[in-house]
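The residues making up each chain are set out below.
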Amino acid sequence: MGLRSPGWLLLLVPLAALIGAYLLTQRRRNRYAVRFTNLDLLDKVAPTRPGWRRHVPAGAFCATIALLVVGFARPTADVQVPRERATIVVAFDTSGSMEATDVEPTRFEAAQRAALTFVDRLPARFNTGLVTFSGNATVAVPPTTDRALLRSAIRQLTAGQGTAIGDAVIAARDAIRALDEQAETEPPPAHIVLLSDGSNTVGRSVESAAAEAAAEEIPVSTIAYGTEDGVIEFPDGRVLQVPVDGPALERLAAVTGGDYHEAATGEELQAVYDDIGSSVGHRTEQREIWQWFVAAGLGAALIAAATSLLWFSRLP
């Protein structure tokens, strides 16, 4: 918690002096009471003593002043605020190597399932788009809140040839730019989640695409899924080794300020998605909470008035 007008706290100094004077007065009162030695007569004259109750109105009054002073100092607190224009673009590798079976049932199907669950768990107000890439990159679904459209597009994905990672990053960046009329001058908070299992083989270089995304402060979190033992078996008996290439994706994430993850199984891939989804869900803002202190101060004032009237038939 912080304070935007801390100078108001100086008013707590006279309040502290007032509390000190009150305690001194109570101490003197006890000293004078002891001088009245005929206690039996005192019980008959004043059989009921207020005891601790006499301090409640005074304490509530002091609390009122303290709370109002803190309220004037304009306290702030960190608040998690939903990103109303938040945009996430999932870049999905549809290259032929995705048919490898080292992730059951295949890398492709495991990624599809995880992507569907990820989309379902995002807040409904988030704009989410889909970019597919193999030999080139295509915006399959521009950023939208229509989850049914997005799920349908993910289910209909098919594998192709080539791996254009650099083009996928640029296509995702362009989709974010086209979110709304103000996106060019006031970019929305955005994040690209790129899934791939191979090296960039066609199109723009990963380095140049990463530099452009970093310049626009769009983090690219990458997920390298599969294992070093991944292979594709063709009907004619040929076997093609397709080991996962993590270092290139790790560099892409590092340059853009995103996170790099490795997912060798469908379960691990889903866990990565969950982590990314929670990390881009909100932004932290400092908001003034003086209203809370003023409300508490008014509540303390009511307590002071109520207890004084109830127990002593007078206002404090």
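Given the structure is predicted, the values throughout are model-derived calculations rather than measurements.

**Quick notes on the layout of surface pockets**
In this model, the second largest pocket occupies a volume close to 190 Å³. Ser95, Gly96, Ser97, Gln161, Gly162, Thr163, Gly198, Ser199, Thr201, Ile232, Phe234 and Leu240 are the residues that line the second largest pocket. The residue makeup of the lining of the second largest pocket, split by class, is three nonpolar, nine polar and no charged.

**So, a nonpolar patch on the surface**
Where nonpolar side chains cluster on the molecular surface, the patch consists of Trp8, Leu11 and Phe72 and spans about 300 Å² of accessible area. Judged by relative accessible area, which is 42%, Phe72 ranks as partly exposed.

**Focus on the environment of Ala213**
Mapping Ala213 onto the fold places it in helix H7 (residues 206–215). Distance from Ala213 to Ala172, taken between C-alpha atoms, is 9.5 Å for residues 41 residues apart in sequence. The contacts of Ala213, once residues within four sequence positions are left out, are Val169, Ile218, Val220 and Thr256.

**With respect to a negative patch on the surface**
Together, Glu228, Asp229, Glu250 and Glu262 make up a negatively charged patch on the protein surface. The residue Asp229 is located in the loop between strand E7 (220–225) and strand E8 (231–233) in this model. Judged by its relative accessible area of 64%, Asp229 is exposed.

**Notes on unusual backbone geometry**
Note the cis peptide between Glu104 and Pro105, where omega equals -10°. Relative to the helices and strands, Pro105 is located in the loop between strand E3 (87–93) and helix H4 (107–121). Phi angles above zero are rare outside glycine, and Arg74 is one such case at about 55°. Classification of Arg74 as partly exposed rests on a relative accessible area of 34%.

**Describing the environment of Phe133**
Examined against the element boundaries, Phe133 turns out to sit in strand E4 (residues 127–133). The buried category is assigned to Phe133, whose relative accessible area is 0%. Between the C-alpha atom of Phe133 and that of Gln161, which follows or precedes it by 28 residues, the distance is 9.2 Å. The residues touching Phe133, leaving out its near neighbours within four places in the chain, are Ala91, Phe92, Asp93, Thr94, Ser95, Thr163, Ala164, Ile165, Ala168, Leu194, Leu195 and Ser196.

**A closer look at the environment of Ile192**
Summarising the element assignment, Ile192 is placed in strand E6 (residues 190–196). Overall, Ile192 belongs to the buried group, its relative accessible area being 0%. Separated by 62 residues in sequence, Ile192 and Leu130 have C-alpha atoms that sit 9.8 Å apart. Among residues more than four places away in sequence, those in contact with Ile192 are Val89, Val169, Ala172, Arg173, Ile176, Ile218, Pro219, Val220 and Ser221.

**Concerning the packing of aromatic side chains**
This structure, assessed with the given rule, holds two aromatic pairs. The interplanar angle of 50° and the centroid separation of 5.0 Å between the aromatic rings of Trp8 and Phe72 together place this pair among those described as tilted. On the criterion of sequence distance, the pair formed by Trp8 in the loop between strand E1 (2–3) and helix H1 (12–34) and Phe72 in helix H3 (residues 55–72) is long-range, its members being 64 residues apart. Both rings, one in Phe92 and one in Phe108, keep their centres 5.7 Å apart while their planes meet at 70°; by these two values the pair is edge-to-face. Pair noted here: Phe92 is in strand E3 and Phe108 is in helix H4, with a separation of 16 residues, a long-range link.

**Brief notes about H7**
Here H7 has its buried residues at Val206, Ala209, Ala210 and Ala213. Seen from one end, H7 has its buried residues packed into an arc of 100°, which puts them on one side. Pointing more than 90 degrees away from the buried face of H7 are the exposed residues Glu207 and Ala215. Along its buried surface, H7 packs onto helix H6 (165–177), E7 and helix H8 (246–256).

Each value, and the rule that gives it
- Residues numbered from 1 in each chain as written.
- Predicted model: local features only at pLDDT ≥ 70, side-chain atom pairs only at ≥ 80, totals over all residues.
- Heavy atoms only, no water.
- 1 Å grid on protein atoms, 1.4 Å probe; cavity = no way out; pocket = protein on both sides within 12 Å on 5 of 7 lines; lining within 4 Å.
- Points joined across faces, edges and corners; volume = space filled by probe spheres on them.
- Nonpolar A, V, L, I, M, F, W, Y, C, P; charged D, E, K, R; others polar.
- Patch = residues over 30% accessible without salt bridge, like charges linked within 9 Å, V, L, I, M, F, W, Y side chains within 5 Å.
- Areas by Shrake-Rupley, 256 points an atom, 1.4 Å probe, with all protein chains shown as cover.
- Salt bridge = Lys/Arg side-chain N within 4 Å of Asp/Glu carboxyl O.
- Buried < 20%, exposed > 50% of the residue type's maximum accessible area, 1.4 Å probe, protein only.
- Helix = DSSP H or I, 4+ residues; strand = E, 2+ residues; numbered from the N terminus.
- Contact = heavy atoms within 4.5 Å.
- Lys, Arg positive; Asp, Glu negative; His and termini not counted.
- Charge placed at Lys NZ, Arg CZ, Asp CG, Glu CD.
- Phe/Tyr/Trp six-rings, centres within 6.5 Å; stacked < 30°, edge-to-face > 60°.
- Arc of directions from axis to C-beta.

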